[in-house]
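Here is what each chain is made of, one letter per residue.
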Amino acid sequence: MQEERLTSSTGAEKCRRKIRAVTVLLCSLFYCEQSRETLESLKRESETLKKKLEEERNKLNDVELHQVAEKVEVLSALSIKTRRVLKGHGNKVLCMDWCKDKRRMVSSSQDGKVIVWDAFTLNKEHGVPLPCTWVLACAYAPSGCAIACGGLDNKCSVIPLSLDKNENLAAKKKSVAMHTNYVSGCSFTNSDMQLLTSSGDGTCALWDVESGQLLQSFHGHTADVLSLDLAPSETGNTFVSGGCDMKANVWDMRSGQNIQSFESHESDINCVKYYPSGDAFASASDDATCRFYDLRADREVAVYQKDSIIFGASTCDFSLSGRLLFAGYNDYAINVWDVLKGTRATILFGHENRVSRVRVSPDGTALCSASWDSTLRVSWSFSTGSNYIFVLGKQ
Amino acid sequence: MTINTLAKGGCHREQMACFRKMEKVIVAMQDPDMGMKMRNQRLLITVIPHAMTGHDIIAWLTHKYRISEEESLHLGNMLVKYGYIYPLKEPRCLVLRPDESPYRFQTPYFWTSTRWPASELDYAIYLAKKNIRKQGELMEYEKERYSLLHKRINHTWDFVVMQAREQLRASKQRRKADRIVLECQEQAYWLINRPPVRSITLYCIQLYCNSDYYKREIEACRKALGRNRVKSSICLEGFLKYSEQYLNHDPIMQGCLPSNPWISDDTAHWTMNAEIVPVPTRLRVERWSFSFMELLNDAMGRREFMTYLEKEFSAENLYFWQACEDIRHGESSKIVEKVEDIYKNFLAPGAARWVNIDSKTMDKTLEGIKRPHRFVMDDAQMHIYFLMKKDSYPRYLKSDLYKNMLAKAIVPQETKKSVFPFMRRQRHSSPSPAQTATQAAEEEGLAKGAGANSAAGSHF
């Protein structure tokens, strides 16, 4: 329909540009010619090995998860409703984390604010303005006495929570982690003393909070790392990370080694989360699927997808028993999956923009979802058929 | 999707995958056999074919994907929002209405993915056409952009106006119905790609595959090939067992007693399950039997286990394990001091709480202590952990101490439905953990307790 367009540059300019382009091409060709063969053969070797690895993994694949799950009872209808909406952020909420006391939470937003809420009473307990916008990651310390946050400032800082209303929390902020690109995720380990971070610079790192010293760094991703989660295992020594290279890697915290790697997603992995027993983990990706990986079998054992689910999943979390997987999507919905049977149990609507984070509370009583619509919503299940005190309060 | 706006030849990678999926849906909708039924739209005397109602769209989606109407409406709205279907009645309102409102499919020429990225030049030509066709037809935001473009690409402005005039002339020679359709399609395209309010766009960086990358991949594959794997049938059973075991403990699945605090506004459930209570709940005590880790992770469970070990004269194992945890998760600055304490109390010959480790591990540990670091106690700690897990823990579960605990544990009464269902319960605030911790620290400072107390406990 549109006719061919003329460029505005003159003939001479075009000629000069062409000569430059050809020269660059010739030079690179000259240097590449010799190494191109090796690159090709390396690529072939890598692909052959990957195929062999798949075959090895499949050898012990004698049954599928949904087949084994046939003997499990079908889930009764879930009735999950949102009953608390936390309003206060001025812009997209990018991250949230529950406190171990099961009712408090910390959330961070694009407006540079980090807020600590008592979600039960809807009280805002602390509000810390940060100099950078896009605070992509936040975490509550296990003791409940501090929070960590970071984002586009390439740092992750720890802020001790003081109850003195006059104290300026922002002033007590301490930079702990320093990356060369944005910080996408952070988590305290078993104590307030160590912080694990993931970054857009393609690495994860373990830091000593007190001194800010780098204790261990984890290299292996070939693109931005978007998420990490610590393993709830007995020896407590591993964590999993997922990133834009479509890989999910399991790391040994002590040695820095990449001990296992999974590459079956077709697009960026936005979130990784361990199954409560620590023997598996789930991942949420831009390819609109969530996947379940078994660490002992060393392979992907389930894919949670549906033709009508078109938009990427940005976050996921398990219910306490691990039977349900809550996943937040970029089409503003939260799909709830039956982890064992592979079917979708229900879908939750309500947010008016992307869901950036879903987290089940530490005792499994409630689910919090944070969204780009600048709210956080707390939902819970009414599906037990028991008699509770029905309270019709403000929503 | 990343926040990185340094688009190194970046394409809208995240969006592209979604576009392809939406296009699959659209193609299926237009299938001659199984697709949507089309109607004609009447505009005064002109009849325009290939229109459909919002209601039909939803019915088709519901049927095809076997989803609820609410979800079809949601999905259909996305198709409209991204420009694959556009409304004929109110073109600026990009919403799918579940009624008789007419919609039409956007031609693939104008799909966002086909013409990615929407060019400034095209937009300028479009606005120029609108301007020439009827003076003052541009909206406020379009006028602003038009003048901005006029400044920015001034050098090609003659071309822009010439193109606009040519296109208008060509369209005059079309049939009225075709002309209207084309205008609608073009308008819909620009409403999507140059909306009144700009939304943030995110780009991804490309993967650079050079020889280093492949070498690393090859090494990782070789290592992975040598891995020990477990048969699927065994692993997968594990998940079934776990979910079944924890089913009663999962409030989202089975509720909780006496009531879910979020539903009833009554915090009794949290009070009854606080870190230290006079009598724990039955579910909690049962959980200690699920795994050794569950017992140790619960402060009361750990305390009970310690009492049991004291009776068995093997409490030093648990004290040792706790002290090792403290090193692993504590401050870097205190490592040396803590390692020395452990040696004095647990490893030195004749120590007060000497732990029984095999000689190989003992030698290795003693050697490592000469240059203490965070993980120097790992081997010894693991040895003692598995010793307790294999030996003391199973015996504890069979002991009278545990059985009595289980017997006298509370099973909370389910809260009955209130007589006054509309009475709102007061939601009480709780002391912030930060506050309790400060108070506790003060008290501890006063009492000045020394010893191997775990510093990283949580107190709820």
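Residues numbered from 1 in each chain as written. Chains lettered and ligands numbered in written order. Predicted model: local features only at pLDDT ≥ 70, side-chain atom pairs only at ≥ 80, totals over all residues. Heavy atoms only, no water.

Per an unreviewed UniProt entry, chain B is named Regulator of G protein signaling 11, and its organism is Astatotilapia calliptera.

In the nomenclature of an unreviewed UniProt entry, chain A corresponds to G protein subunit beta 5 from the organism Astatotilapia calliptera. Entered under Subunit (unreviewed entry) in the UniProt record, the comment concerning chain A runs "May interact with RGS9; this interaction stabilizes both proteins and increases RGS9 GTPase-activating protein (GAP) activity, hence accelerating the deactivation of D(2) dopamine receptor-mediated signaling." If you open the UniProt record of chain A and go to Sequence similarities (unreviewed entry), you find "Belongs to the WD repeat G protein beta family." (UniProt positions renumbered as here; feature names shortened; annotations may be inferred.)

Chemist: Please clarify how the environment of Ser101 of chain B should be interpreted in this entry.
Modeler: Residue and element names in this part refer to chain B. Here Ser101 lies in the loop between strand E3 (85–87) and strand E4 (102–105). Residue Ser101 is classed as buried on the basis of its relative accessible area, which comes to 14%. Considering only alpha carbons, one finds Ser101 and Ala51, 50 residues apart in sequence, at a separation of 9.7 Å. Not counting chain neighbours up to four residues away, the residues in contact with Ser101 comprise Met52, Thr53 and Gly54. Of the polar contacts made by the side chain of Ser101, one reaches the side chain of Asp99; its length is 2.4 Å. (Helix = DSSP H or I, 4+ residues; strand = E, 2+ residues; numbered from the N terminus. Buried < 20%, exposed > 50% of the residue type's maximum accessible area, 1.4 Å probe, protein only. Contact = heavy atoms within 4.5 Å. Polar contact = N/O pair within 3.5 Å; in protein donor to acceptor, adjacent residues only side chain to side chain.)

Chemist: Just checking my understanding: could you explain the interface of chain B and chain A for this structure?
Modeler: How big an interface is tends to be reported as the loss of accessible area on association of its parts. In this complex, chain B contributes 126 residues to the contact, which on the side of chain A involves 144 residues. Taking both partners together, chain B and chain A bury about 11900 Å²; carbon and sulfur atoms supply 61% of that area. Two residues, Lys247 of chain A and Glu217 of chain B, come together in a salt bridge whose shortest N-O distance is 2.4 Å. Inspection of the region where chain B meets chain A yields 35 residue pairs in polar contact (both at pLDDT 80 or more). The leading source of residues in the side of chain B that touches chain A is helix H8 (residues 211–225) of chain B, at 12 residues. (Buried area = accessible area lost by both parts, 1.4 Å probe. Salt bridge = Lys/Arg side-chain N within 4 Å of Asp/Glu carboxyl O.)

Chemist: Before we go on, may I ask you to explain the packing of helix H16 (residues 315–329) of chain B against helix H19 (residues 378–398) of chain B in this structure?
Modeler: Between two packed helices, what matters for the description is the angle formed by their axes and the separation of those axes. All names here are of chain B. Packing of H16 against H19 brings their axes to within 10 Å, and their N-to-C directions diverge by 140°. With respect to their mutual orientation, H16 and H19 come out oblique. Crossing angle aside, the handedness with which H16 passes H19 is left-handed. Between H16, through Asn317, Leu318, Phe320, Trp321, Cys324, Glu325 and Arg328, and H19, the contact on the second element is made entirely by Asp378, Ala380, Gln381, Ile384, Tyr385, Leu387 and Met388. Per-class residue counts for the contact of H16 with H19 are 9 nonpolar, 2 polar and 3 charged. (Axes fitted to C-alpha atoms, helices over the stretch in contact; angles between N-to-C directions. Parallel < 35°, antiparallel > 145°, perpendicular 65-115°, else oblique. Left-handed = near helix turned anticlockwise from the far one by under 90°. Nonpolar A, V, L, I, M, F, W, Y, C, P; charged D, E, K, R; others polar.)

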